[in-house]
Amino acid sequence: MQTPWTSCLRGTVPCRPSRENCLRELMDSSLKANLEHLGQEKALIASGQQLVGELIQDITKKMENVSEHLQIHSSEVQDSHSAIVKDLADVRHQAQDIYQRIDHSMSEFLQYQDQTMQYCADLMRKLERMNSTLGVALLSEPYLYRGQDGSSLSSRGGALIMSSKYEESMMKYVGVTAVRSETAGSETRTKV
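Residues numbered from 1 in each chain as written. Predicted model: local features only at pLDDT ≥ 70, side-chain atom pairs only at ≥ 80, totals over all residues. Heavy atoms only, no water.

**Examining the overall build of the chain**
Part 1 of the reasoning: From N to C terminus, the chain includes 5 helices and 4 strands.
Part 2 of the reasoning: When the helices and strands of the chain are listed from N to C terminus, the series reads β-α-β-α-α-α-α-β-β.
Part 3 of the reasoning: Among the 192 residues that make up the chain, the fraction classed as buried is 9%.
Part 4 of the reasoning: Pairs at least 24 apart in sequence give 16% of the contacts found in the chain among residues at least 6 apart.
Part 5 of the reasoning: Carbon together with sulfur atoms contributes 61% to the accessible area of the chain, which is approximately 16,500 Å² in total. (Helix = DSSP H or I, 4+ residues; strand = E, 2+ residues; numbered from the N terminus. Buried < 20%, exposed > 50% of the residue type's maximum accessible area, 1.4 Å probe, protein only. Contact = heavy atoms within 4.5 Å. Areas by Shrake-Rupley, 256 points an atom, 1.4 Å probe, with all protein chains shown as cover.)

**Some points on the confidence of the model for the chain**
Part 1 of the reasoning: Confidence in the prediction for the chain averages 75 pLDDT; 64% of positions are at 70 or higher.
Part 2 of the reasoning: When the criterion is pLDDT under 50, residues 4-8 qualifies, and its contacts beyond four places in sequence or with other chains add up to 9 contacts.
Part 3 of the reasoning: Predicted confidence for residues 153-162 stays below pLDDT 50, and this span has 17 contacts to residues more than four positions away or in other chains. (pLDDT = per-residue confidence, 0-100.)

**Side note on a nonpolar patch on the surface**
Part 1 of the reasoning: Judged by side-chain polarity, Y119, L123, M124, L127, M130 and L134 come together as a nonpolar surface patch covering roughly 620 Å² of accessible area.
Part 2 of the reasoning: Tracing the backbone through its elements, the reader meets L123 in helix α2 (residues 19-139).
Part 3 of the reasoning: For L123, a relative accessible area of 37% puts it in the partly exposed group. (Patch = residues over 30% accessible without salt bridge, like charges linked within 9 Å, V, L, I, M, F, W, Y side chains within 5 Å. Salt bridge = Lys/Arg side-chain N within 4 Å of Asp/Glu carboxyl O.)

**Notes on the pattern of salt bridges**
Opposite charge on two side chains makes pairing possible when the charged atoms of those side chains draw close.
Part 1 of the reasoning: This structure, assessed with the given rule, holds 4 salt bridges.
Part 2 of the reasoning: Among the ionic pairs, D90 bridges to K86, the shortest N-O distance being 3.4 Å. Placement of the pair is D90 and K86 together in helix α2, with a separation of 4 residues, close to one helical turn.
Part 3 of the reasoning: We classify D90 as partly exposed; its relative accessible area is 33%.
Part 4 of the reasoning: For K86, a relative accessible area of 52% gives the class exposed.
Part 5 of the reasoning: Here R101 ties to D97 by a salt bridge, and the two come within 3.2 Å at their closest N and O atoms. With a gap of 4 residues between them, R101 and D97 both fall in helix α2, about one helical turn apart.
Part 6 of the reasoning: The class for R101 is exposed, based on a relative accessible area of 55%.

**A word on α2**
Part 1 of the reasoning: Taking 1.5 Å of rise per residue, the 121 residues of α2 would be expected to cover 180 Å, and the 170 Å separating its terminal C-alpha atoms lies within 8% of that figure.
Part 2 of the reasoning: Here α2 has its buried residues at C22, E25 and T133. (Expected span 1.5 Å × (residues − 1).)

What follows is the structure, encoded as structure tokens:
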């Protein structure tokens, strides 16, 4: 038995099926529709998975590129770091060398300054002795220059001759000795 509604489900000539047949046909058509829907969803999921796989591969390639770039950059940074460390070591050695040169120059300067101070002190002592010697010589001038007869040479118009005893004592005081040469008849004066 067919009912008008079964013909709509089957698309065939109307028949009057039983209630069970109608439910079965309804379940079959519903099941077919669900299976077709599941097939479409499965196809959509498969295409989505394919897109996700492609995206994952693309991301993996990009990550590899980034990793390679970072490795290259890291090696460049390490090279730069090594160069900087080497340059700093060179600067440190140069600074130590300069410091040693400055220290050496400073010690030479201090030594030169000490020598200069000693030279100036010696010069001052000699100038003081010379000053006192000249003072004594000026005070004793009237007694130094006498002729053989006891008269002043300047009054006689003769040459001024210093007495030999006074000359020797003054030279010893100043630090100069007179060495007379018997054969040449001349004197040589040397520092004591």
